[in-house]
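Chain by chain, the residues run as shown.
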Amino acid sequence: MTQPLIPIDQCPIQIEDDRTGTNVETLKRAFADNLFYLQGKYESLATQDDFYMALAYTLRDRLLSRWLKTTKTYMEKDVKVVYYLSAEFLMGRHMGNSLINLHLYDRVRQAVEESGLDLDEILEHEPDPGLGNGGLGRLAACFVDSLATLEIPAVGYGIRYEFGIFTQAIRDGWQAEVPDKWLRFGNPWEIAHPDQAVEVKLGGHTEMYHNEKGEYKVRWIPANRVVGIPYDTPVPGYDTNTVNPLRLWRAEASDDFNFDAFNAGNYDGAVAEKMRSETISKVLYPNDNTPQGKQLRLEQQFFFVSCSLQDIIRTHLLRHPSLHNLHDTAAIQLNDTHPAVAIAEMMRLLMDEHEMDWNTAWRVTQKTFSYTNHTLLPEALEKWSVGLFEYLLPRHLEIIYEINRRFLEDVKRWYPGDDNLISRLSLIDESGEKYVRMANLACVGSHAVNGVAALHTQLLKQDTLRDFYRLWPGKFINKTNGVTPRRWILMCNPKLAELYNSKIGEGWLKDLSQLKQLEKYVDDPDFCQQWREIKLHNKRQLAQYIWEHNGIEVDPHSMFDIQVKRIHEYKRQHLNLLHIIALYNQIKQNPDQHIVPCTFIFGGKAAPGYFMAKLIIKLTNSVADVINHDPDVRGRLKIVFLNNFNVSLGQRIYPAADLSEQVSTAGKEASGTGNMKFAMNGAMTIGTLDGANIEIREEAGEENFFLFGLTAQEVADTKAKGYNPRDYYSSNPSLKAVIDRIAAGYFSHGDKELFKPLVDSLMYHDQYMLFADYQAYVDCHKQVSKTYSDQDKWTRMSILNALRMAKFSSDRTIREYCNEIWNVQPVPIEMEEYSQENA
Ligand code: CJB
């Protein structure tokens with residue numbers, strides 16, 4: 001007779017075994033064992049990659065008992081779960097994070113060193129999983145970290161792109177894109193679950209039929225079917241037993257795919273079709289804040305939404321007889337409109353596949369969903385042509401039309417005779433070619449809509465979504481973004497973390513407001529000295545990186561003035577360049593004048609099809625070439641463009657900054673999160689009253705923030721009056737000299753054409769109003785230089801910035817979502833410790 005397997009957590013003997021044990025000897029043995037049995041290598045023949053893989057498996061093993069226990073607890077307690085639907089998760093490297101969250105850093109370092117290896121080298125070997133473009137994807141990653149840390153039952157759902165965001169190379173000063181084969185050597189963190197695969201339909205048509213009860217029903221006869229295979233990555237909380245899954249879907253052709261074509265002898269045609277359906281999860285679209293209306297993109301969105309909703313429904317039905325109470329077990333968050341088709345897919349699943357009537361289905365849907373808006377840029381609001389929608393999702397278009405019909409009926413009753421209101425609120429844009437407006441669908445189908453910073457939410461209410469706000473003021477709520485202090489302080493700035501720990505212990509990592517206790521040291525010379533030494537240490541490390549990667553020597557004692565983020569005209573990297581050129585002009589006029597030595601560091605990717613953004617990168621590198629080599633400058637200004645800015649490079653950069661550039665045109669940056677990471681690491685901000693800058697300034701204190709520029713209201717007023725950049729150009733000699741230098745080809749070997757599109761845009765039709773803010777920005781920089789020259793004052797300001805950033809921990813943000821939108825509670829995971837070593 002066979003014996004059933006005993007689950008590991010019910011084993012009668014708790015053993016310090018090679019998969020769970022955490023003393024140094026056990027870790028060494030497990031590491032060697034994985035190298036031999038999983039990588040198939042003797043140590044003498046192993047590569048860095050083998051060492052990395054073997055160590056990753058060693059850590060994953062140590063997450064598994066917690067992970068399975070977490071899932072089991074959620075099932076047994078039948079808890080309400082947060083499902084975070086996001087087309088992007090920019091997780092960054094997992095290994096360092098696992099070491100921190102498992103409290104294993106020191107023991108693993110010792111185990112690795114005693115094995116004759118270097119942990120830092122192994123950590124550097126991990127590819128940075130870039131399954132996102134920028135802020136939105138990184139926010140999702142910070143959120144899943146906080147959810148697990150706060151012991152909230154949660155699943156992140158997304159797409160397992162085979163190619164993440166491209167690797168950026170710089171050739172002759174221009175951006176070149178190289179495919180990101182991040183899965184080339186396998187991914188040791190994920191576990192595939194083909195047993196939980198789901199089928200997704202696409203295309204075809206709908207038809208009416210009578211069900212057994214004699215009711216009229218609609219069914220969807222698809223043209224294609226694709227299978228979604230889930231891959232789960234563990235997301236461990238810090239200092240808890242909770243390990244939640246990040247579940248990413250990979251598309252695979254279904255087995256019965258094009259069976260007829262195979263049989264009819266069209267084998268190669270059928271295989272080509274099969275490959276086509278597998279391209280759905282091939283590549284991340286590299287656009288940030290600008291959607292691309294490509295069919296494949298809509299397929300991606302629907303694919304991961306349909307897989308995830310089917311998974312959520314399956315999970316619910318394991319414990320409940322019907323879906324009427326789905327909203328009691330599931331809170332589904334739409335991360336921007338990318339997953340907004342979920343509203344229609346949920347209605348279809350409830351009605352067509354689970355026999356629910358319209359009214360009940362609609363009530364359940366609205367109670368289950370909530371929507372986060374991340375942008376005010378009008379061009380970034382997603383819409384899909386009705387023709388494409390009908391071709392790919394014929395049933396969903398019918399459902400959207402019906403949602404719209406019922407919704408507009410209500411509006412007509414509430415506001416009779418207001419046809420303009422109707423056309424603005426409609427889910428269908430009928431002003432020209434017809435489009436489905438995804439933000440409108442998301443607003444109508446959700447019980448809560450949030451912006452990501454106070455100003456952003458206010459502008460949504462006043463402007464972008466004002467008609468919806470008029471209908472349902474109670475739906476709108478602000479949730480200012482945040483970032484995880486585990487990655488963005490502890491992991492990236494270990495010396496700063498050590499200083500904090502030495503004074504107040506480790507409690508600040510789960511309650512960032514504890515840092516306020518350190519304000520008493522702001523006038524303590526020893527503390528200030530340590531603070532400066534840490535910053536200098538971080539700057540030296542970045543200087544070393546710059547030397548190795550760019551061959552540019554920078555002085556760690558110069559002020560590190562940094563702007564890293566996606567390249568976009570609204571973010572105004574070129575305003576930063578105008579200021580640098582103004583400084584250069586001053587030096588050229590008077591080479592001996594005093595100037596605070598400054599290293600200007602840039603980094604960020606441009607969308608491959610965004611010409612102006614690519615031209616800004618080229619201009620940065622061209623200005624760098626000239627200024628870095630001009631003997632008159634005598635090294636007082638250095639400009640560096642760091643290629644391939646990503647999460648792991650961010651971890652080197654934020655801790656080394658003196659000054660953080662947050663200079664978007666007011667009213668354009670929804671929140672920003674890099675601004676928070678810089679400030680937490682003691683950088684001062686030079687910024688406009690935009691996004692979360694406003695709240696950073698409120699927290700840090702006005703006197704600890706370098707403010708300049710028009711307010712959002714002034715930007716709108718100036719635009720309304722007619723913004724004329726030439727007026728600023730002709731009346732401001734400094735600005736004129738800067739623009740003339742670029743236009744004359746000074747930075748392009750005399751070529752006057754190269755930067756003409758940029759110059760013309762600034763001079764004649766600049767939506768982002770650089771010239772209107774130019775003088776204020778230059779003046780503000782003078783203030784910065786003056787303050788930097790007084791190091792005692794600067795240190796004090798830097799300390800206060802870092803200590804006052806508690807509001808921007810994503811733990812605070814997630815707590816607010818839990819209480820005010822999702823209505824979910826923490827569920828602690830009880831585990832017996834395996835040994836004293838684990839305590
Ligand atoms: N954001 O990263 C993106 N991509 C988009 O397509 C739209 C917005 C950014 O989201 C961040 C997280 O909310 C914001 O901090 C940032 O301001 C916004 O641009």
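Residues numbered from 1 in each chain as written. Predicted model: local features only at pLDDT ≥ 70, side-chain atom pairs only at ≥ 80, totals over all residues. Heavy atoms only, no water.

**Q** Looking at this structure, I do not really get the overall build of the chain. What am I missing?
**A** A tally of regular secondary structure across the chain gives 33 helices and 23 strands. At 28 Å, the chain has a C-alpha radius of gyration in line with the 28 Å of a compact globule built from 839 residues. Considered along the principal axes of its C-alpha atoms, the chain spans approximately 90 × 75 × 60 Å. In the chain, which comprises 839 residues, the share counted as buried stands at 61%. Sequence-distant contacts, at least 24 apart, represent 76% of the contacts inside the chain between residues at least 6 apart. Split by element, the accessible area of the chain, about 33200 Å² in all, is 50% carbon and sulfur. Positive and negative side-chain charges of the chain, numbering 91 and 112 respectively, have mean locations separated by a distance of 3 Å. (Helix = DSSP H or I, 4+ residues; strand = E, 2+ residues; numbered from the N terminus. Rg over C-alpha atoms; globule rule 2.2 N^0.38 Å. Buried < 20%, exposed > 50% of the residue type's maximum accessible area, 1.4 Å probe, protein only. Contact = heavy atoms within 4.5 Å. Areas by Shrake-Rupley, 256 points an atom, 1.4 Å probe, with all protein chains shown as cover. Lys, Arg positive; Asp, Glu negative; His and termini not counted. Charge placed at Lys NZ, Arg CZ, Asp CG, Glu CD.)

**Q** What am I meant to see in the sheet that holds strand 13 (residues 383-385) here?
**A** Sheet strands pair via backbone hydrogen bonds, and the direction of the pair is either parallel or antiparallel. In space, the 3 strands of this open sheet follow the order 13-15-14, with antiparallel pairing throughout. Of all the strands in the sheet, the pair left with one neighbour each is strand 13 and strand 14 (428-429). Where strand 14 and strand 15 (residues 435-437) come together, 2 bridges link them in antiparallel fashion. Among the inter-strand pairings, aspartate 429 is bridged to a residue of strand 15, identified as tyrosine 435. The strands touched by helix 16 (residues 438-445) are strand 13 and strand 15; relative to strand 15, the strand with the most contacts, the crossing angle is about 40°. (Pairing = 2+ DSSP bridges. Axes fitted to C-alpha atoms, helices over the stretch in contact; angles between N-to-C directions.)

**Q** I tried to follow the site of the ligand on my own but got confused; where do I start?
**A** Close contacts around the ligand come from 14 residues, with Leu136, His374, Asn481, Glu669 and Gly672 the closest. The residue makeup of the shell around the ligand, split by class, is 5 nonpolar, 7 polar and 2 charged. (Near = heavy atom within 4 Å. Nonpolar A, V, L, I, M, F, W, Y, C, P; charged D, E, K, R; others polar.)

**Q** Help me understand the confidence of the model for the chain, please; the structure alone is not making it clear to me.
**A** Detailed reading of the predicted model is not advised wherever pLDDT is low. With 96% of its residues at a pLDDT of 70 or more, the chain shows a mean pLDDT of 95. The low-confidence segment residues 834-839 (pLDDT under 50) makes 12 contacts with residues lying over four places distant or belonging to another chain. Across the assembled chains, the prediction reports ipTM 0.99 with pTM 0.97. (pLDDT = per-residue confidence, 0-100.)

**Q** Please clarify how the nonpolar core should be interpreted in this entry.
**A** Generally speaking, a soluble globular protein has its nonpolar side chains buried in company with each other. Of all hydrophobic cores here, the largest spans 190 residues; its most connected members are Leu85, Leu309, Phe389, Phe771 and Trp822. With 10 residues, the single largest contributor to this core is helix 9 (residues 295-319). Excluding residues within four positions of it along the chain, tryptophan 822 makes contact with Lys80, Val82, Tyr84, Leu147, Ala331, Gln333, Ser370, Ile814 and Tyr817. (Core = buried A, V, L, I, M, F, W, Y, C linked by side-chain atoms within 4.5 Å.)

**Q** I would appreciate a short explanation of the pairing of strand 21 (residues 659-662) in the present structure.
**A** Consecutive side chains of a regular strand alternate in pointing toward one face of the sheet and then the other. Of the two faces of strand 21, the one carrying Leu659 and Glu661 and the one carrying Ser660 and Gln662 are both buried. Relative to strand 21, strand 18 (residues 559-564) is paired through 2 bridges, and the arrangement is parallel. Considered in strand 21, the bridge of aspartate 561 is made with leucine 659. In terms of handedness, the path from strand 21 via helix 25 (residues 674-680) over to strand 22 (residues 684-687) forms a crossover that is right-handed. (Right-handed = clockwise from strand over helix to strand, strands pointing away.)

**Q** Is there a simple way to think about the packing of helix 6 (residues 135-149) against helix 33 (residues 810-822) in this case?
**A** For any two helices packed against each other, the geometry is given by the interaxial angle and the distance between the axes. In the contact formed by helix 6 and helix 33, the axes pass within 9 Å of each other and the chain directions differ by 75°. Between helix 6 and helix 33, the crossing angle belongs to the class labelled roughly perpendicular. Of the residues in helix 33, those touching helix 6 at Cys142, Phe143, Ser146 and Leu147 are Ser810, Asp811, Thr813, Ile814, Tyr817 and Trp822. Residue composition of the contact of helix 6 with helix 33, by class: 6 nonpolar, 3 polar and 1 charged. (Parallel < 35°, antiparallel > 145°, perpendicular 65-115°, else oblique.)

**Q** What exactly am I supposed to notice about the side chain of serine 810 here?
**A** As for its position among the elements, serine 810 is in helix 33. The buried category is assigned to serine 810, whose relative accessible area is 0%. Looking at serine 810, its side chain comes within polar contact range of the side chain of serine 146, at 2.8 Å. Setting aside residues no more than four positions away along its own chain, serine 810 makes contact with Cys142, Phe143, Ser146, Gly482, Val483 and Thr484. (Polar contact = N/O pair within 3.5 Å; in protein donor to acceptor, adjacent residues only side chain to side chain.)

**Q** It is not clear to me how the sheet that holds strand 21 should be interpreted in this structure. Could you clarify?
**A** With parallel pairing, 6 strands are arranged side by side in an open sheet as 20-19-18-21-22-23. On the outer flanks of this sheet lie strand 20 (637-642) and strand 23 (706-707), each paired with one strand and no other. In the sheet, strand 19 (residues 598-603) pairs with strand 20 via 6 bridges, with the strands oriented parallel. Following the sheet pairing, isoleucine 601 is matched in strand 20 by valine 640.

**Q** How should the pattern of salt bridges be read in this particular structure?
**A** A side chain with one charge may pair with a side chain of the opposite charge, provided their charged atoms come close. Counting across every chain of the model gives 54 salt bridges. The salt bridge partner of glutamate 355 is lysine 213, with a shortest N-O separation of 3.9 Å. Highlighted residues: glutamate 355 in the loop between helix 11 (342-353) and helix 12 (358-368) and lysine 213 in the loop between strand 7 (205-210) and strand 8 (216-221), separated in sequence by 142 residues. For glutamate 355, a relative accessible area of 41% translates into the label partly exposed. A salt bridge links arginine 424 to aspartate 467; its shortest N-O distance comes to 2.7 Å. (Salt bridge = Lys/Arg side-chain N within 4 Å of Asp/Glu carboxyl O.)

**Q** Would you mind showing me how to read helix 23 (residues 611-629) here?
**A** Counting along an α-helix, one turn takes 3.6 residues, and residues three or four places apart therefore face a common direction. Over its 19 residues, helix 23 extends 27 Å from the first C-alpha to the last, a length consistent with the 27 Å expected when each residue adds 1.5 Å. Within helix 23, 15 of the 19 residues are buried, leaving the element largely enclosed by the surrounding structure. (Expected span 1.5 Å × (residues − 1).)

**Q** Even after reading the chapter, I still don't get unusual backbone geometry, so can you show me in this structure?
**A** Both trends apply: most residues other than glycine have a negative phi, and most peptide bonds are in trans. Despite not being glycine, aspartate 336 has its phi angle at roughly 70°, a positive value. Within the secondary structure, aspartate 336 sits in the loop between strand 11 (330-335) and helix 11. Although it is not a glycine, asparagine 644 adopts a positive phi angle of roughly 55°. With respect to the element layout, asparagine 644 can be found in the loop between strand 20 and helix 24 (647-653).

**Q** Help me understand helix 27 (residues 712-721) in this model?
**A** Restricting attention to buried positions, one finds in helix 27 the residues Ala712, Val715 and Thr718. One face of helix 27 carries all of its buried residues, which in axial projection span an arc of 125°. Facing away from the buried side of helix 27 by more than 90 degrees, the exposed set consists of Ala720 and Lys721. Considering only its buried residues, helix 27 is in contact with helix 17 (454-464) and helix 28 (725-731). Phi for glycine 722, located one or two positions after helix 27, is positive at around 100°. (Arc of directions from axis to C-beta.)

**Q** When you look at the packing of aromatic side chains in this model, what are you seeing that I'm missing?
**A** In this description, an aromatic ring pair is defined by two values, namely the gap between the centres and the angle between the planes. Evaluation of the coordinates by the stated rule reveals 27 aromatic pairs. Seen in terms of ring centroids, tyrosine 157 and tryptophan 249 are 6.3 Å apart; in terms of plane orientation they differ by 15°. Their pairing is stacked. Placement of tyrosine 157 in strand 2 (residues 154-159) and of tryptophan 249 in strand 10 (residues 243-253) is noted, with a sequence separation of 92 residues between them. Residue tyrosine 157 shares its accessibility class with tryptophan 249, and that shared class is buried. What links up through ring pairs into an aromatic cluster is the set Tyr500, Trp508, Tyr521, Phe527 and Trp531. Residue placement shows arginine 160 over the ring face of tyrosine 231; its charged tip is 4.0 Å from the ring centre. (Phe/Tyr/Trp six-rings, centres within 6.5 Å; stacked < 30°, edge-to-face > 60°. Lys NZ or Arg CZ within 6 Å of the ring centre and 35° of its normal.)

**Q** Teacher, can you tell me more about the pairing of strand 8 here?
**A** When strand 7 meets strand 8, the two strands line up antiparallel, connected through 6 bridges. Across the sheet, tyrosine 209 pairs through a bridge with lysine 217, a residue of strand 8. Between strand 7 and strand 8, which pair antiparallel one after the other, the connecting turn spans 5 residues, and glycine 214 there sits at a positive phi close to 80°.

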